[in-house]
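In case you want the letters, here they are:
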Amino acid sequence: MQEPLLGAEGPDYDTFPEKPPPSPGDRARVGTLQNKRVFLATFAAVLGNFSFGYALVYTSPVIPALERSLDPDLHLTKSQASWFGSVFTLGAAAGGLSAMILNDLLGRKLSIMFSAVPSAAGYALMAGAHGLWMLLLGRTLTGFAGGLTAACIPVYVSEIAPPGVRGALGATPQLMAVFGSLSLYALGLLLPWRWLAVAGEAPVLIMILLLSFMPNSPRFLLSRGRDEEALRALAWLRGTDVDVHWEFEQIQDNVRRQSSRVSWAEARAPHVCRPITVALLMRLLQQLTGITPILVYLQSIFDSTAVLLPPKDDAAIVGAVRLLSVLIAALTMDLAGRKVLLFVSGYAMGWGPITWLLMSEVLPLRARGVASGLCVLASWLTAFVLTKSFLPVVDMTLRVDKSFVILWSS
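How each quantity is defined
Residues numbered from 1 in each chain as written. Predicted model: local features only at pLDDT ≥ 70, side-chain atom pairs only at ≥ 80, totals over all residues. Heavy atoms only, no water. Axes fitted to C-alpha atoms, helices over the stretch in contact; angles between N-to-C directions. Helix = DSSP H or I, 4+ residues; strand = E, 2+ residues; numbered from the N terminus. Parallel < 35°, antiparallel > 145°, perpendicular 65-115°, else oblique. Left-handed = near helix turned anticlockwise from the far one by under 90°. Contact = heavy atoms within 4.5 Å. Nonpolar A, V, L, I, M, F, W, Y, C, P; charged D, E, K, R; others polar. Phe/Tyr/Trp six-rings, centres within 6.5 Å; stacked < 30°, edge-to-face > 60°. Buried < 20%, exposed > 50% of the residue type's maximum accessible area, 1.4 Å probe, protein only. Lys NZ or Arg CZ within 6 Å of the ring centre and 35° of its normal. Salt bridge = Lys/Arg side-chain N within 4 Å of Asp/Glu carboxyl O. Expected span 1.5 Å × (residues − 1). Patch = residues over 30% accessible without salt bridge, like charges linked within 9 Å, V, L, I, M, F, W, Y side chains within 5 Å. Areas by Shrake-Rupley, 256 points an atom, 1.4 Å probe, with all protein chains shown as cover. Polar contact = N/O pair within 3.5 Å; in protein donor to acceptor, adjacent residues only side chain to side chain.

## Re the packing of helix H2 (residues 37–56) against helix H9 (residues 172–188)
Piece 1. In the contact formed by H2 and H9, the axes pass within 7 Å of each other and the chain directions differ by 45°. Accordingly, the angle class assigned to the pair H2 and H9 is oblique. Crossing hand, H2 versus H9: right-handed. Contacts between H2 and H9 involve Thr42, Phe43, Val46, Leu47, Asn49, Phe50, Phe52, Gly53 and Tyr54 on the former and, on the latter, Thr172, Pro173, Met176, Ala177, Phe179, Gly180, Ser181, Ser183, Leu184 and Leu187.
Piece 2. In the contact of H2 with H9, the residues fall into 12 nonpolar, seven polar and no charged.

What follows is the structure, given as structure tokens:
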């Protein structure tokens, strides 16, 4: 595992402490790397990120279609289009806020499953929309589900993953979100906008079905005093032929030390406030790259350019390049290190996947549920400001340029 980003070590940060186990433990750790159930549980969870990525860019092909709509109830002006594109981020901010409570109240798994309710309802509203209010409400609900999963899934994955593959599995939320966006762009080449919303229901239903067979996070179960259930969950994740008692004792000991909530006085301590501050800054900087408005309005952006390919094709190509870049990051993250990729790579290979993983790796365990929700809240409020202002600023810029050309010609 890489050195902690803050240069601090200890039980406050590691979900699975990595001090050398005795010989039987060594054999157990080898077994975890060969066990496929962890990957199945991770896949089931990150389907929520797939739906999140799909819903985030849903407006990319839909806004141009509705701007050309002959139905007066669905025809979008530039102002309405900016609300339709940006209201998702307000929902995501609300989802991040709710995660501050649900993450520790319901647990990681049930919180992820709960996100399916607003997600499915949101897609249904947009699929059957007969007015702007249905589009906006549906977009808000899918955003709420996305914000909730963005806060809960990285925590769940980090708490079920063995240390040897935590980096690679920690990149899967971003990987699946990008794959979801690519799927939307690809389906946008074939389906009308209502059927795109119908198609969005499929990953939500599959996620619910698979997660119903997956265990809760062993650490969450231990924090609720459900020791026997936690042991069974860990044994299921690692395989029945693996001796998990050493790892179970380590998690149990860690939970005992971190069982109480962080008080406001403790929150000011450097070992608590510094990692939370770093995680917050990373999420803010991630949004300040401008990635969210670009993805939300990608096809509209290409509509205003003189590129040779159709805008829908250009959007799909961008989605494919993002997916390839995140896949490379997932494969190299544990080898190259988090800090190296942040400084030498762009968004898709660095700032995209690493900030998701960072949130679950550096946040202190006692504050992880609340702090992860806070990070998502701050991130999506920033995204709202950028996304809501994007189309008006572009429109104003085009007007100024046009006026300048007219004045120059005269």
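Having seen the model, we can carry on.
## Focus on the packing of aromatic side chains
Piece 1. Counting across every chain of the model gives seven aromatic pairs.
Piece 2. With centroids separated by 6.1 Å and ring planes inclined at 75°, the aromatic side chains of Tyr54 and Tyr123 adopt a geometry described as edge-to-face. With Tyr54 in helix H2 and Tyr123 in helix H6 (residues 116–127), this residue pair connects regions lying 69 residues apart in the sequence. The same class applies to Tyr54 as to Tyr123, namely buried.
Piece 3. Between Tyr297 and Phe390, the ring centres sit 5.5 Å apart and the planes meet at 10°, which makes this aromatic pair stacked. With Tyr297 in the loop between helix H17 (291–296) and helix H18 (298–303) and Phe390 in helix H22 (residues 368–409), this pair connects stretches of sequence that are 93 residues apart.
Piece 4. A residue is classified by how much of its surface remains accessible, and Tyr297, at 0% relative accessible area, is buried.
Piece 5. An aromatic cluster is defined as three or more aromatic residues linked by ring pairs; in this entry it consists of Phe52, Phe88 and Trp380.
Piece 6. Here Arg139 stacks its cationic end above the ring of Phe84, 6.0 Å away from the centre of that ring.

## Comments concerning the pattern of salt bridges
Piece 1. One pass over the full model with this rule turns up four salt bridges.
Piece 2. Across the pair Glu67 and Lys78 runs a salt bridge, and its minimum N-O distance is 3.6 Å. Of this pair, Glu67 sits in helix H3 (residues 59–67) while Lys78 sits in helix H4 (residues 78–105), and the two are 11 residues apart along the sequence.
Piece 3. Glu67 gets classed as partly exposed once you look at its relative accessible area, which sits at 24%.
Piece 4. Here Glu247 makes a salt bridge to Arg238, at a shortest N to O gap of 2.9 Å. Like Arg238, Glu247 is buried.

## Quick look at helix H14 (residues 245–257)
Along an α-helix, a turn takes 3.6 residues, which lines up residues three or four apart on a common side.
Piece 1. The terminal C-alpha atoms of H14 lie 18 Å apart, and with 13 residues this matches the ideal 18 Å at 1.5 Å per residue to within 8%.
Piece 2. Taken together, the buried positions of H14 are occupied by Glu247, Phe248, Gln250, Ile251, Gln252, Asn254 and Val255.

## A few points about a nonpolar patch on the surface
Piece 1. Together, Leu189, Leu190, Leu191, Trp195 and Val198 line one region of the surface with nonpolar side chains, adding up to about 490 Å² of accessible area.
Piece 2. Looking at the secondary structure, you find Leu189 in the loop between H9 and helix H10 (193–199).
Piece 3. A relative accessible area of 39% means that Leu189 is categorised as partly exposed.

## Here's the deal with the environment of Phe52
Piece 1. For Phe52, the location among the structural elements is in helix H2.
Piece 2. Sequence separation of Phe52 and Ala177 is 125 residues, and the distance between their C-alpha atoms is 6.1 Å.

## Notes on the side chain of Ser82
Piece 1. Here Ser82 lies in helix H4.
Piece 2. We classify Ser82 as buried; its relative accessible area is 0%.
Piece 3. Within polar-contact distance, the side chain of Ser82 engages the side chain of Lys388 at 3.0 Å.

## Side note on H3
Piece 1. Extensive coverage of H3 is indicated by the burial of seven of its nine residues.
Piece 2. Taken residue by residue, H3 has Thr59, Ser60, Pro61, Val62, Ile63, Pro64 and Leu66 as its buried positions.

## Remarks on the side chain of Thr42
Piece 1. Here Thr42 lies in helix H2.
Piece 2. Residue Thr42 is classed as buried on the basis of its relative accessible area, which comes to 3%.

## Details of the packing of helix H13 (residues 227–238) against H14
Piece 1. Relative orientation of the contacting elements H13 and H14 amounts to 130°, with a least axis distance of 10 Å. Of the possible angle classes, the one that applies to H13 and H14 is oblique. Every pair of crossing elements has a handedness; the one defined by H13 and H14 is right-handed. Residue-level contacts link Asp227, Ala230, Leu231, Leu234 and Arg238 of H13 to His245, Glu247, Phe248, Ile251 and Gln252 of H14.

## Quick notes on the environment of Val385
Piece 1. Inspection of the secondary structure puts Val385 in helix H22.
Piece 2. Using a relative accessible area of 54% as the deciding quantity, one classes Val385 as exposed.
Piece 3. Taking the C-alpha atoms as reference, Val385 lies 9.7 Å from Pro293; in sequence the two are 92 residues apart.

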